[in-house]
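Overview (structure and organization)
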Amino acid sequence: MLADNRTTLAENVSIQGDLERSVKLSNEALDISMRASNYWGQAYALVTMAPIYLEMGYIDQAIDSWERGLAAAERANFTAPASYSLSHMAIAYAGLGDLDKAFELIELSRSKTRSRALPAFINLPAFGLEHLYILAGDLEKAERTLAKQTVSVELARSEPVMFSLIVTTRIIFSLAKEAYEEALAAADEALELANGGKLRLSFLELLLLKGKALLGLGRVNESAAALREAAGLARAYNSRRMLVPILAQSMAVEKQLGNDEAATAAQEEGQTAVAFTAEHISDPDLRARYLQTEPVRRLSEQ
């Protein structure tokens, strides 16, 4: 019980942006569970710390935590964290540039989802699949998948991971369709809901997407302001995962405004975050894929 309480606290502080403390609490919970040979507790702690490591740019540690969490979940016959981990890993691999691995993982997640008493775990793979279709450029399949989903953003707010995936996927879909007004309205609504639920870590991607929507509407100064706010929060939360795409977008917007000094500063800071992340990917193929992702390539442009 003590281990689970610490892991739950770790989850709560992570969504509020205190990643360092969350990692510490998760590792304490893991240590307690390992000493007690409690595989349920080990799985819970490991799948909680994995996305935090990812957020901070420690890719190898994130993948190792997920894989160990999956193994512990299997030993405990605990389906929920297995499905959760596979879905989250799929989105992570997509962000690192490996869509093939992402689709493989999301299919595994769907196959492991069994209990209809856990709506977040049932819907997570479906929204993950939609997210991957958008990233792959297949908007027709994404739209068909979206039409089957019935979970509301308000309901999902009680599950932070579900909330983040639902709202960002819907906004990304609107941006892909160049429905910028729709994307902006969805981003503002989601930011309001996230603020009410104190889901501070969700602000980073929502502000990035809001900045993109504003740019699409030609509201360049407002876009720059949203991106500056997002970058400030990413620094405060030590989120290198989000700092890279935020700064890549910010660099382009600052250039458009003629703010060459700010654009250069964004590029240099982004390159530092990229270098840190790349140093923490031991798989050479995955590292190469990451370095070819769109925001990383933009930050590398001369």
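In short, a report on the structure.

Rules used throughout
- Residues numbered from 1 in each chain as written.
- Predicted model: local features only at pLDDT ≥ 70, side-chain atom pairs only at ≥ 80, totals over all residues.
- Heavy atoms only, no water.
- Helix = DSSP H or I, 4+ residues; strand = E, 2+ residues; numbered from the N terminus.
- Buried < 20%, exposed > 50% of the residue type's maximum accessible area, 1.4 Å probe, protein only.
- Contact = heavy atoms within 4.5 Å.
- Areas by Shrake-Rupley, 256 points an atom, 1.4 Å probe, with all protein chains shown as cover.
- Expected span 1.5 Å × (residues − 1).
- Arc of directions from axis to C-beta.
- Salt bridge = Lys/Arg side-chain N within 4 Å of Asp/Glu carboxyl O.
- Core = buried A, V, L, I, M, F, W, Y, C linked by side-chain atoms within 4.5 Å.
- Axes fitted to C-alpha atoms, helices over the stretch in contact; angles between N-to-C directions.
- Parallel < 35°, antiparallel > 145°, perpendicular 65-115°, else oblique.
- Left-handed = near helix turned anticlockwise from the far one by under 90°.
- Nonpolar A, V, L, I, M, F, W, Y, C, P; charged D, E, K, R; others polar.
- Phe/Tyr/Trp six-rings, centres within 6.5 Å; stacked < 30°, edge-to-face > 60°.
- Polar contact = N/O pair within 3.5 Å; in protein donor to acceptor, adjacent residues only side chain to side chain.

Looking only at helices and strands, the protein chain features 17 helices and zero strands. Buried positions account for 51% of the 302 residues belonging to the protein chain. Put simply, of all contacts in the protein chain between residues at least 6 apart along the chain, 62% involve residues at least 24 apart. Surface summary for the protein chain: the accessible area is close to 13700 Å², and the carbon and sulfur share equals 49%.

This part is about helix H6 (residues 99–112). Over its 14 residues, H6 extends 20 Å from the first C-alpha to the last, a length consistent with the 20 Å expected when each residue adds 1.5 Å. Listing the buried residues of H6 in full gives Ala102, Leu105, Ile106 and Ser109. Take H6 and look down its axis: the buried residues cluster within an arc of 100°, on one side only.

Considering all chains together, one arrives at 15 salt bridges under this definition. For Lys101, the salt bridge identified is with Glu104, shortest N-O distance 4.0 Å. One end of the pair, Lys101, and the other, Glu104, are both in helix H6, three residues apart, so they sit about a helical turn from each other. Given the relative accessible area of 27%, Lys101 is considered partly exposed. Of the residues examined, Glu104 reaches a relative accessible area of 45% and is grouped as partly exposed. Residue Arg235 is joined to Glu269 by a salt bridge in which the shortest nitrogen-to-oxygen separation is 2.6 Å. With Arg235 in helix H13 (residues 220–237) and Glu269 in helix H15 (residues 260–279), this residue pair connects regions lying 34 residues apart in the sequence.

Glancing now at the nonpolar core. By size, the foremost hydrophobic cluster in this structure holds 85 residues, and its most contacted members are Leu204 and Ile246. Beyond its immediate chain neighbours, meaning those up to four positions away, Ile246 contacts Leu204, Leu208, Leu227, Ala230, Ala231 and Ala234. Listed in part, the six residues of the second largest apolar core include Tyr84, Leu124, Phe127 and Leu165.

To describe two helices that pack against each other, one gives the angle between their axes and the distance between the axes. It is the contact of helix H4 (residues 59–75) with helix H5 (residues 79–95), at a shortest axis distance of 9 Å, that shows an interaxial angle of 160°. The orientation of H4 with respect to H5, classified from their angle, is roughly antiparallel. Seen along the crossing, H4 lies across H5 with a hand that is left-handed. Touching Ile63, Trp66, Glu67, Leu70 and Ala73 of H4 are Pro81, Ala82, Ser85, Leu86, His88, Met89, Ala92 and Tyr93, all from H5. Considered class by class, the residues forming the contact of H4 with H5 number 10 nonpolar, two polar and one charged.

A few words now on the packing of helix H3 (residues 39–56) against helix H14 (residues 240–256). The contact between H3 and H14 brings their axes to 5 Å, and the two run at 40°. With respect to their mutual orientation, H3 and H14 come out oblique. The residues of H14 that touch H3, namely those facing Leu54, Glu55 and Met56, are Arg240, Arg241 and Met242.

Next up on the list: H5. Helix length check: H5, at 17 residues, gives a terminal C-alpha distance of 25 Å against a target of 24 Å (1.5 Å per residue), a fit within 8%. Judged by how many residues are buried, H5 sits mostly within the fold: 14 of 17 residues are covered.

Another point: the environment of Ala226. Here Ala226 lies in helix H13. Accessibility expressed as a relative area gives 6% for Ala226, which makes it buried.

Let's shift gears to the packing of aromatic side chains. Scanning all chains against the criterion turns up four aromatic pairs. Aromatic pair Tyr53 and Tyr58: ring centres 6.3 Å apart, planes at 80°, arrangement edge-to-face. Under the relative-accessibility criterion, Tyr53 is labelled buried at 10%. The class for Tyr58 is partly exposed, based on a relative accessible area of 22%.

Examined against the element boundaries, Thr277 turns out to sit in helix H15. Its relative accessible area of 5% is what places Thr277 among the buried residues. At a separation of 2.9 Å, a polar atom in the side chain of Thr277 contacts the main-chain carbonyl oxygen of Ala273. Ignoring any residue separated from it by four or fewer positions in sequence, one finds Thr277 in contact with Gly57, Ile59, Arg240 and Tyr290.

On to unusual backbone geometry. At Ser37, a residue that is not glycine, the phi angle is positive and equals roughly 50°. Residue placement: Ser37 occurs in the loop between helix H2 (19–35) and H3. Even without being a glycine, Asn238 presents a positive backbone phi close to 60°. Along the polypeptide, Asn238 turns up in the loop between H13 and H14. Given a relative accessible area of 23%, Asn238 falls into the partly exposed group.

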